[in-house]
Structures are given as C-alpha cells and as structure tokens.
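Survey of secondary and tertiary structure
Below, each chain spelled out in residue letters.
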2 protein chains.
Amino acid sequence: MAGNIPITTGWYFFLFSLVGACCGLLWTVFAGEGEPLIASIGFSGIAFAATYALICWVGEEFKRVGLKGNDRSKPNRPELPETMGAVCAVVYLMVMIIFIPFPFYEYFVLSTNGGGNRDITMEMVETGRILPRFPHNKLGEYLSALLSLQSMAILGIADDLFDIRWRHKVLLPAISSIPLLIMYYIDFGITNIVVPLPLQPYFGELLDLSYIYYLYMAAISIFCPNSINIYAGINGLEVEQSIAIAIFIVINDLLYISVPNHPAAASHLFSLYFLLPFLGVSVALWCHNKYPSKVFVGDTYCYFAGMTFAVVGILGHFSKTLLLLFIPQIFNFLYSAPQIFHLVPCPRHRLPHFNAKTNRMEPSRATFDKPPRRIISLALTILETVGLIKLWRNEQSGEIEEFSNMTLINLWLVRGGPKNEGRLTRELFWLQMFCGAVGLLARHKAALLVFPYDNLRMEDFEGLAAAAVEAVEAVV
Amino acid sequence: MAGNIPITTGWYFFLFSLVGACCGLLWTVFAGEGEPLIASIGFSGIAFAATYALICWVGEEFKRVGLKGNDRSKPNRPELPETMGAVCAVVYLMVMIIFIPFPFYEYFVLSTNGGGNRDITMEMVETGRILPRFPHNKLGEYLSALLSLQSMAILGIADDLFDIRWRHKVLLPAISSIPLLIMYYIDFGITNIVVPLPLQPYFGELLDLSYIYYLYMAAISIFCPNSINIYAGINGLEVEQSIAIAIFIVINDLLYISVPNHPAAASHLFSLYFLLPFLGVSVALWCHNKYPSKVFVGDTYCYFAGMTFAVVGILGHFSKTLLLLFIPQIFNFLYSAPQIFHLVPCPRHRLPHFNAKTNRMEPSRATFDKPPRRIISLALTILETVGLIKLWRNEQSGEIEEFSNMTLINLWLVRGGPKNEGRLTRELFWLQMFCGAVGLLARHKAALLVFPYDNLRMEDFEGLAAAAVEAVEAVV
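Residues numbered from 1 in each chain as written. Chains lettered and ligands numbered in written order. Predicted model: local features only at pLDDT ≥ 70, side-chain atom pairs only at ≥ 80, totals over all residues. Heavy atoms only, no water.

Under the heading Subcellular location (unreviewed entry), UniProt records this for chain A: "Endoplasmic reticulum membrane". Listed in UniProt under the heading Sequence similarities (unreviewed entry), the comment for chain A reads: "Belongs to the glycosyltransferase 4 family." (UniProt positions renumbered as here; feature names shortened; annotations may be inferred.)

Shown next as structure tokens:
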C-alpha cells in the first residue's frame with residue numbers, strides 16, 4: 001500500500017535466497033535423521049524473512065486501525081506504525097507450531113504406519129520389547145509454553161489496542177503464565193532448590209520451597225516482560241536488549257550441550273528451540289526499529305520477549321541464571337521504583353528529552369509542584385552526591401525543584417552527557433552485552449564460591465533428577 | 001463508560017448469586033473426589049457471568065478503536081460495537097486454561113508432595129507398585145486443542161481488525177487447525193474408517209485413508225467456521241445456530257456417557273469439557289446479541305464457534321456425526337455456491353432487505369448487469385419452478401433481471417413471505433434444532449442400515465482401539 005516500507009531489490013534477493021537456503025536445510029532434515037536443531041535453524045531463517053517482509057507490507061494497515069504513534073525524538077515527530085511486535089509474535093507462534101513434530105521425530109517414526117505413539121506402546125506390550133516411550137511430558141511442556149506465549153501475545157495486543165491501565169497491565173503476564181505453571185505443577189513439580197553453602201548449616205543442602213517456588217516462578221514471568229517494557233523509550237532499545245539477552249541464553253545453552261551427554265542438555269536444547277526463532281523474528285524487527293525507527297514495537301513485543309525468556313528459564317530450570325542476564329533491567333526497575341510507586345512525582349512520559357537544536361538527547365526532568373518532604377530531599381541529595389541523579393534547585397530557597405527522571409536511560413545521559421539517540425541506544429546495547437557477559441561469568445565461575453558445585457562440571461540436583469527420570473522413562 | 005450497556009440491578013444480583021453458586025460447586029470439587037464434570041459446570045457458570053459483564057463494560061472501548069458496525073436492519077441504523085466474539089474467546093480460553101488440572105486431578109493427587117506425575121512413575125519403579133500412569137497424551141490433546149482455538153481467536157481478531165480478503169480469510173481456520181492435526185498425527189494416527197455395508201465388498205470392513213484422512217480433518221476445520229460465518233446477517237443467528245449445534249453435541253455426548261463403561265465415553269466426556277464453557281460464553285453473548293442486537297459478534301465468534309465444534313469432533317472421533325448437525329449450514333453453503341464462485345452476480349451484502357415501512361425483512365436481490373447466459377437462466381428457471389428462488393423478469397423480453405440472493409435466510413423469506421427480523425431468527429433457530437434432532441436420530445437409528453453396527457450398542461473400531469490403549473496404559 002501507499003505509505004508502506006518499500007523492500008529494496010537487494011533485500012528481495014537476500015530474503016529469497018535465505019528462504020531457499022533454509023528450505024534446503026529443512027530438506028536435509030527430512031532426508032536425514034531429522035536433526036531438530038538443524039530444522040530449528042532453518043525455521044528461524046524463514047521466520048526472519050517472513051517477519052521482515054510482513055512488517056514492510058502491513059504498516060499502513062496498522063496505522064489505519066489506529067495502531068500508530070509519533071516519534072517524539074525526531075525534529076518532525078514522524079507518525080510511525082505501532083505494535084509491530086504482534087507481527088513477530090504471530091510469525092513466531094506459527095513457526096513454533098509447525099516445528100512441533102521435529103523435536104519428537106525420532107520417537108514416532110519408529111512406528112511403521114505413521115500410527116504414532118499408540119502403536120509403539122501397543123507393540124511394546126504385545127512383543128514385550130522395550131521401545132523408547134514417547135516423551136509426552138516434554139510435548140506437554142512445549143505445548144503449554146506455546147499456550148503461555150500465545151496468551152501473552154493476545155493480552156499484549158489487547159493492551160496496545162485499548163491501552164489498559166498501568167496497574168492492570170502489570171498483571172497480564174501473570175495471567176498468561178498460568179498454563180506454564182499448571183503444566184509445571186502437573187508434570188514436573190520439582191520445588192527444591194540447592195542452598196548456597198553459607199546457608200546450608202541452617203537449611204540443609206536442598207530446600208523444598210513447595211508453593212513458594214510457584215510464586216517465585218509467577219514473579220519471574222511478571223518481572224521479565226514488565227522490566228523490558230519499562231526499560232524503553234528510545235529507538236530500538238527494546239529489541240536490542242532482548243536480542244542481547246537471547247544471545248547470552250543461547251551461549252549458556254551451548255555450554256551445556258557441548259558437554260558430552262550432560263544430564264541437563266535436553267532442557268537446554270529445548271530452550272534453543274524457543275530462542276533461535278525468537279532471534280529470527282527479533283532481528284527482522286530490529287532492521288525496521290533500529291535508529292532511526294520506521295516502526296514501533298509496542299508493548300506486545302516487550303511482553304512477548306520477556307515471556308519467552310521466562311518460559312525458557314522456568315522450563316529449563318535456569319531462572320536464577322536468567323536473572324543474572326537481566327542486570328540492567330533489574331537496576332532500571334529498582335532505580336525507577338520511587339517514581340513508579342509515586343514517592344516522587346512521575347510524569348506521563350519519562351523518555352529523555354530531545355533537543356532539536358543540538359539534535360541530541362538530554363535527561364528529561366520531573367518537577368515538584370510543591371516543595372518535597374524533608375526525607376525525600378535528603379534521599380535525593382544523597383543520590384546526587386553519589387552521582388546517581390541530577391537535581392535543579394531554586395536559587396533563593398535552595399529547595400529541589402526538578403530532578404532527572406529516574407530511568408537508566410536518563411542516568412546514562414546524566415553521567416555521559418547529552419548524545420545522539422542512535423549512539424545512546426548503541427551504548428546501552430553494549431552495556432547490556434557487558435552485563436550479560438559478567439553475569440554469565442559469575443554464574444559459571446563465581447557460583448562455585450557460594451554453591452557446592454557448578455552444574456556444568458558435576459551433575460547438580462536438577463541434572464540428577466532429570467537423569468533419574470530419563471532412566472525411568474527408559475525402563476517403563 | 002458513557003455509552004456502555006448498563007447492567008440492571010436484577011442482573012447484578014443474578015450474576016453474583018450465579019458466581020457464588022458456581023464457586024460453591026467448585027469448592028465441593030476440591031473437598032471431594034474432584035469430579036471434573038462438576039468443575040466444568042461450575043466454570044461454565046462463571047464464564048457466563050464474566051462474559052455477560054465484560055460485554056457490558058467494554059462496548060465503548062471497542063467502538064473507540066473502530067470495532068463497530070451499523071445495524072442495517074433497523075429504521076435508524078444504530079451503530080453497535082463489533083467483535084464481541086473476542087470477549088467470549090478470551091474468557092473461554094482463560095477458563096479452559098484454569099480448568100487444565102481438573103480432568104487429570106485423580107492422577108496427580110496420588111503423589112504425596114504435590115510432585116505430580118514424576119513422583120508417581122519414580123515411586124512405581126522403586127516400589128514396583130502399579131499406579132495409574134499420567135495420561136499425557138490426553139493432556140497433549142487438550143493443550144493442542146486450546147492452541148488451535150487460541151490461534152483461531154488471534155486470526156479472527158486480526159480479520160475483524162483488518163478485514164482480510166475473502167479468499168485469504170477462508171484459509172485462516174486451516175492455519176489454526178495445524179496444532180490439532182499435528183497432535184493427531186503424533187499421538188493418535190488412527191486414519192481407518194468403518195466402511196458402509198454396501199461398499200464393504202469393494203473396500204473391506206475397515207479402510208485406511210492415511211493422509212487423505214488428514215485432508216478430511218483439515219476440510220472439516222475449514223468448513224465448520226466458514227459455514228457458520230456465511231450463514232449470518234440477521235440479529236442473533238450466528239450465536240443461536242452455534243448454541244443449537246452445541247446442545248445436540250452435548251446430547252450426543254451424554255448418550256455415550258450414560259452407557260455404563262462405554263469405551264468411547266472418555267473422549268465424549270472430553271468434548272463436554274470443551275462445550276459446556278462454550279455454551280456458557282455463547283449464551284452470555286446471545287443475551288446481548290439477540291434481536292434487537294446491542295452488540296455484533298464479529299467473524300471472531302463465527303470462526304471460534306466453528307473451530308470449537310471441529311476440535312471436539314476431530315478429537316472425539318465423531319466428525320461424521322458432527323456434519324449431521326450442520327445440515328442447514330451445508331445446505332446454505334451449497335445453495336450459496338453459485339454466488340460465492342461468481343457463476344451469478346454476488347452483491348457485497350446478501351443479508352435480507354429491511355423494509356422500514358412494513359418493519360419487515362424481505363428477500364434481497366442480486367441484479368444481472370447484462371442478460372444471463374442461456375444455461376444460467378435455464379438453471380435459475382428450474383430452481384424457480386421447484387420454488388428454491390424468486391426471479392424478477394423484464395416485462396418485454398422476459399429476460400431474468402433480478403433474483404433473490406441465494407442464502408438460506410432469503411430462501412426462508414421467499415417461501416414464508418416477509419416477516420419481522422426477530423421472528424425470522426427464531427424460526428431459523430428452530431429449523432436448526434429440528435435438523436439437529438433429525439440428524440442425531442439418523443446417526444443412531446438409520447446408521448444401522450448402512451453401517452454394520454451403531455457404536456452406542458456395540459464397540460466399534462475406535463471404541464475397541466480406545467479400550468486397547470486403556471488396557472495398555474493400565475499395564476504399563
């Protein structure tokens with residue numbers, strides 16, 4: 001349509017050849033042993049191409065139904081289509097649905113007449129032979145994960161359409177995590193955690209948190225989407241932080257898979273299946289959303305990305321590791337808390353202020369309509385002295401009148417001075433990468449200081465349990 | 001908000017007491033054996049209340065984002081909110097997700113520490129005791145059914161938002177049926193059908209259709225939603241036909257469940273779990289959509305309803321029976337075919353014409369811009385003589401100039417004469433009920449003429465297989 005983003009000839013060639021290559025990859029999978037990881041890579045490439053093209057095609061349609069917004073950080077405040085995360089979500093979900101059989105290929109090709117698992121079990125009883133039993137629980141996990149992500153997509157789209165009240169939308173991810181938690185309850189139910197060494201005298205080596213663990217998982221799935229959602233406001237940041245986090249989870253997964261027959265390898269392979277297509281659609285979105293943005297991602301994408309991480313973290317049993325990759329988001333959340341909970345004034349928009357003259361981003365300010373209470377101004381002054389905030393005082397009274405909005409983005413500008421939006425996003429991306437690297441290092445090296453062992457070297461409890469169950473499956 | 005539908009005090013009382021009663025019901029379930037059917041009834045009541053209230057509350061919001069339409073069959077053509085089927089779908093899906101544990105309650109309460117299935121199997125191996133193995137395949141079916149319905153909801157909403165082209169939207173249900181078919185392939189793979197007696201000499205008693213059966217199932221899930229979608233256009237018809245169909249499927253299910261330990265009882269119980277909440281949300285929607293409508297249902301509802309029927313029909317193995325409940329839809333589809341495939345002119349809207357003077361609905365007309373070809377006018381004349389269409393001819397030439405649009409609704413008006421919209425809908429509802437009754441009777445009585453046995457009396461193949469598998473599950 002008219003105002004849609006044109007696809008250059010070069011891009012057409014690239015997308016077509018990419019899809020061709022991926023189809024070739026899938027063909028080898030069909031021809032060969034049906035290696036799921038190869039198939040996953042193939043599908044991810046196709047997901048990238050589909051998302052890239054679709055975003056180009058649907059832009060005007062989205063604007064027409066009112067899914068649009070103005071880019072306030074550009075001189076002419078262009079009007080851009082919103083909620084492109086919905087395109088990512090739909091493409092991602094379709095790919096993941098079509099991918100369903102692949103991880104389970106090896107199990108049901110055994111049956112001669114395509115009769116699937118039923119024939120296997122029956123034959124098993126008739127002949128008494130032991131055949132690999134279909135891992136229905138894994139399939140259940142996979143399906144419930146998709147259900148959670150799909151619910152998140154629906155609720156995210158509803159949020160972008162109807163912009164739901166802040167205090168309500170915070171809970172949307174909790175709703176969409178229900179299938180996941182229920183599945184976890186039905187099927188897994190491991191609520192034990194390894195106690196850090198210093199605490200073992202008091203709690204023993206393993207602690208069963210029972211239902212508290214479910215609250216913890218719910219908290220994870222509330223935190224991940226929302227923390228990404230509030231760490232946003234400049235071109236491309238939402239997508240870039242998600243891509244950075246995804247990359248490090250993938251690295252972590254590869255660490256486990258590379259260890260020969262590591263007991264936890266299966267669940268990390270599982271998380272790869274979810275993350276590779278996610279990277280596919282995210283990078284495609286980034287191509288359009290990177291500075292200067294041609295489209296906005298919408299809350300849908302933030303929720304969807306956060307939920308994807310929560311899902312793989314919970315099903316893969318590395319939710320603690322996951323949080324180590326969320327350091328900037330955690331900091332941003334804690335730092336924003338005073339404004340979010342209205343201890344200090346919180347303007348409608350906290351994104352940095354665009355200075356059209358200098359064409360640079362500057363810290364945006366929040367204003368006290370009446371002089372702040374004693375304790376508040378004391379706290380702010382302390383923050384100022386440690387350089388975590390910028391204050392503007394009244395010349396005469398010395399009262400604090402304004403302060404830089406308490407977001408990591410503004411803080412970065414307070415510390416590093418005004419800079420061009422593109423550069424700001426790039427710097428924050430590399431900050432994310434740096435923190436992720438530190439977090440992962442801490443996980444696998446420093447963990448040994450507080451935990452009896454790093455499960456990369458030795459089988460930790462979860463690995464043990466997984467192994468036990470696999471043994472059971474084999475016997476049954 | 002301002003223009004929203006008010007909830008009368010009486011309704012408030014009713015809804016609150018209903019929810020109270022349902023919560024009581026659920027409480028008995030928790031306290032007692034955890035009878036899933038009771039829980040399902042309780043959830044259905046809550047679903048009704050939630051849908052009824054939500055539709056009242058969100059109307060204006062929907063209008064604001066452009067989800068609205070004019071009721072062309074009223075004197076003042078009032079503007080009503082559209083796509084209320086989306087509310088039904090979301091409530092339904094949430095209820096079904098929360099319901100997940102109930103059908104499987106008996107299996108995982110066995111484990112002492114809430115550890116779910118894992119503990120059972122492990123204990124089983126340790127102690128050698130036989131405990132019921134968790135029916136993961138049933139859970140898989142349940143989850144994949146939810147995935148299909150959720151996909152259908154998303155695609156339906158997308159259709160209502162962006163009104164997708166007709167030739168594209170026809171295929172949306174096919175996309176959303178993928179999870180179901182994949183699950184069927186992985187997990188069930190029964191592609192045999194019982195051959196009707198007259199054909200048994202040629203095909204034998206059982207015929208394995210293999211992949212043709214999958215095409216058949218895909219066709220079912222394309223047909224059900226679309227056939228409901230094109231049999232629409234007057235207040236309340238979409239919902240009433242869906243309710244009628246659902247009622248007869250429920251009756252059919254009860255027939256099987258009432259037979260003591262009937263092998264197919266399990267799968268019919270399964271379809272009850274899906275249909276009772278569906279009836280809950282549909283009746284709530286009907287309260288607002290019945291003549292004179294205060295809201296429209298949107299394609300979302302038609303797709304969602306049709307997909308629900310397709311899902312239970314496929315997973316419950318009674319897709320042939322299902323079609324017997326779709327007689328009016330099948331007739332309407334065949335009757336509309338000439339216009340749909342543009343053998344004869346097809347105007348944008350085929351809904352009956354509202355005569356403001358008489359306040360009655362009259363058959364709407366399609367016009368030939370040029371005289372029809374010989375064969376066409378012959379065919380139309382034949383239809384006219386058998387009373388299946390009304391033609392308007394040119395006085396001089398006798399050429400056919402106009403004909404009544406070829407929908408069951410118009411035909412009903414051609415035969416029965418102009419009538420008030422409310423009465424028209426009511427009559428078509430009872431037509432649906434009548435056809436359903438005939439269809440179900442045919443299924444269970446006349447079936448004996450062409451099939452060796454009625455599976456209500458004797459175990460048919462599917463029952464046999466189900467029993468076999470249950471035996472296997474018990475042994476394993």
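Anyway, onward from the coordinates.
So, the overall build of chain A
Looking only at helices and strands, chain A has 20 helices and nine strands in total. For chain A, the residues scored as buried account for 57% of the 476 residues in total. At a minimum sequence separation of 6, the contacts of chain A that also span at least 24 residues come to 72%. (Helix = DSSP H or I, 4+ residues; strand = E, 2+ residues; numbered from the N terminus. Buried < 20%, exposed > 50% of the residue type's maximum accessible area, 1.4 Å probe, protein only. Contact = heavy atoms within 4.5 Å.)

Comments concerning the sheet that holds strand β7 (residues 365–367) of chain B
All names here are of chain B. Ordered by their spatial adjacency, three strands build an open sheet running β7-β9-β8, and the pairing between neighbours is antiparallel. Single-partner strands in this sheet number two, and they are β7 and β8 (391–393). In this sheet, adjacent strand axes meet at a mean angle of 25° when their direction is disregarded. Where β8 lies against strand β9 (residues 400–404), three bridges are found, and the strand directions are antiparallel. Considered in β9, the bridge of leucine 391 is made with phenylalanine 403. (Pairing = 2+ DSSP bridges. Axes fitted to C-alpha atoms, helices over the stretch in contact; angles between N-to-C directions.)

Quick notes on the sheet that holds strand β8 (residues 391–393) of chain A
All names here are of chain A. Taken in spatial order, the three strands of this open sheet run β7-β9-β8, and their pairing is antiparallel. Every other strand in the sheet has two partners, leaving β7 (365–367) and β8 as the edge strands with one partner each. Averaged over all pairs of adjacent strands, the angle between strand axes in this sheet comes to 25°, irrespective of strand direction.

Notes on the side chain of serine 336 of chain B
All names here are of chain B. Relative to the elements of secondary structure, serine 336 occurs in helix α16 (residues 327–340). Judged by relative accessible area, serine 336 falls into the buried class, the value being 0%. Engagement of the side chain of serine 336 in a polar contact is seen with the side chain of arginine 350, the distance being 3.2 Å. Engagement of the side chain of serine 336 in a polar contact is seen with the backbone oxygen of methionine 406, the distance being 3.1 Å. (Polar contact = N/O pair within 3.5 Å; in protein donor to acceptor, adjacent residues only side chain to side chain.)

Topic: unusual backbone geometry
In this model, tyrosine 291 of chain A is joined to proline 292 of chain A through a cis peptide bond whose omega is -10°. Position of proline 292 of chain A relative to the elements: it lies in the loop between α13 (265–289) and α14 (298–315). Phi at histidine 342 of chain A is positive, roughly 55°, even though this residue is not glycine. Following the sequence through the fold, histidine 342 of chain A ends up in the loop between α16 (327–340) and β5 (353–355). Of note, arginine 77 of chain B is a non-glycine position whose phi angle comes to about 40°, a positive value. Along the polypeptide, arginine 77 of chain B turns up in the loop between β1 (68–70) and β2 (79–81). Owing to a relative accessible area of 43%, arginine 77 of chain B belongs among the partly exposed residues under this scheme.

So, the domain arrangement of chain A
Often the size quoted for an interface is simply the accessible area lost on bringing the parts together. Residue and element names in this part refer to chain A. In terms of domains, chain A is made up of domain 1 (9–105 + 136–325 + 445–475) and domain 2 (326–444). Measuring from the centre of the C-alpha atoms in domain 1 to the corresponding centre in domain 2 gives 29 Å. Listed per partner, the contact involves 41 residues of domain 1 and 34 residues of domain 2. For the domain 1 and domain 2 pair, buried surface summed over both sides reaches about 3,400 Å², with 67% attributable to carbon and sulfur atoms. A salt bridge links lysine 74 to glutamate 421; the nearest nitrogen and oxygen atoms lie 2.6 Å apart. Inspection of the domain 1/domain 2 interface yields twelve residue pairs in polar contact (both at pLDDT 80 or more). Elements represented by at least two residues in the side of domain 1 that touches domain 2 include exactly α11 (211–230), α12 (237–258), α15 (319–324) and α19 (421–450). Per-element accounting of the side of domain 1 that touches domain 2 gives the leading share, ten residues, to α12. (Domains from an automatic or database assignment. Buried area = accessible area lost by both parts, 1.4 Å probe. Salt bridge = Lys/Arg side-chain N within 4 Å of Asp/Glu carboxyl O.)

With respect to the pattern of salt bridges
Where charged atoms from two side chains of opposite charge come close, those side chains can pair. Residue and element names in this part refer to chain B. With the rule as written, the count across this model stands at 25 salt bridges over all chains. Two residues, glutamate 61 and arginine 64, come together in a salt bridge whose shortest N-O distance is 2.9 Å. In this pair, glutamate 61 and arginine 64 are both assigned in helix α2 (residues 36–64), three residues apart and thus about one turn of the helix distant. Under the relative-accessibility criterion, glutamate 61 is labelled buried at 18%. Residue class for arginine 64 comes out partly exposed when judged on its relative accessible area of 49%.

Some words on the pairing of strand β9 (residues 400–404) of chain A
All names here are of chain A. Where β7 lies against β9, three bridges are found, and the strand directions are antiparallel. From the neighbouring strand, alanine 366 faces β9, where its bridge partner is phenylalanine 403. A loop of six residues connects β8 with β9, the two strands running antiparallel in sequence, and glycine 398 in this loop sits at a positive phi of about 75°.

Points about helix α6 (residues 136–162) of chain B
End to end, α6 of chain B covers 38 Å across 27 residues, agreeing with the expected 39 Å (1.5 Å per residue, within 8%). The buried count for α6 of chain B comes to 26 of 27 residues, which makes it a mostly enclosed element. (Expected span 1.5 Å × (residues − 1).)

Focus: the state of the cysteines
Residues and elements named next belong to chain A. What the rule picks out here adds up to zero disulfides over all chains. Left without a disulfide partner, cysteine 287 is nearest to the cysteine sulfur of cysteine 56, which lies 9.2 Å away. The cysteine cysteine 435 is free of any disulfide, with cysteine 224 supplying the nearest cysteine sulfur at 16 Å. (Disulfide = S-S within 2.5 Å.)

Looking at the nonpolar core
Core analysis: the largest hydrophobic core is formed by 205 residues, its most contacted members being Phe274 and Phe309 of chain A together with Phe274 and Phe309 of chain B. Residue contributions to this core peak at 14 residues, all from helix α6 (residues 136–162) of chain A. Each residue touching phenylalanine 309 of chain A, except ones within four places of it in the same chain, is listed here: Ile228, Ser242, Ile245, Ala246, Ile249, Leu275, Phe278, Leu322 and Phe326 of chain A. (Core = buried A, V, L, I, M, F, W, Y, C linked by side-chain atoms within 4.5 Å.)

Examining the confidence of the model for chain A
Low pLDDT marks regions whose predicted coordinates should not be analysed in detail. Here chain A averages 86 in pLDDT, while 86% of its residues score no lower than 70. Long-range and interchain partners of residues 110–132 of chain A, a stretch whose pLDDT sits below 50, account for 43 contacts in this model, where long-range means more than four residues apart. (pLDDT = per-residue confidence, 0-100.)

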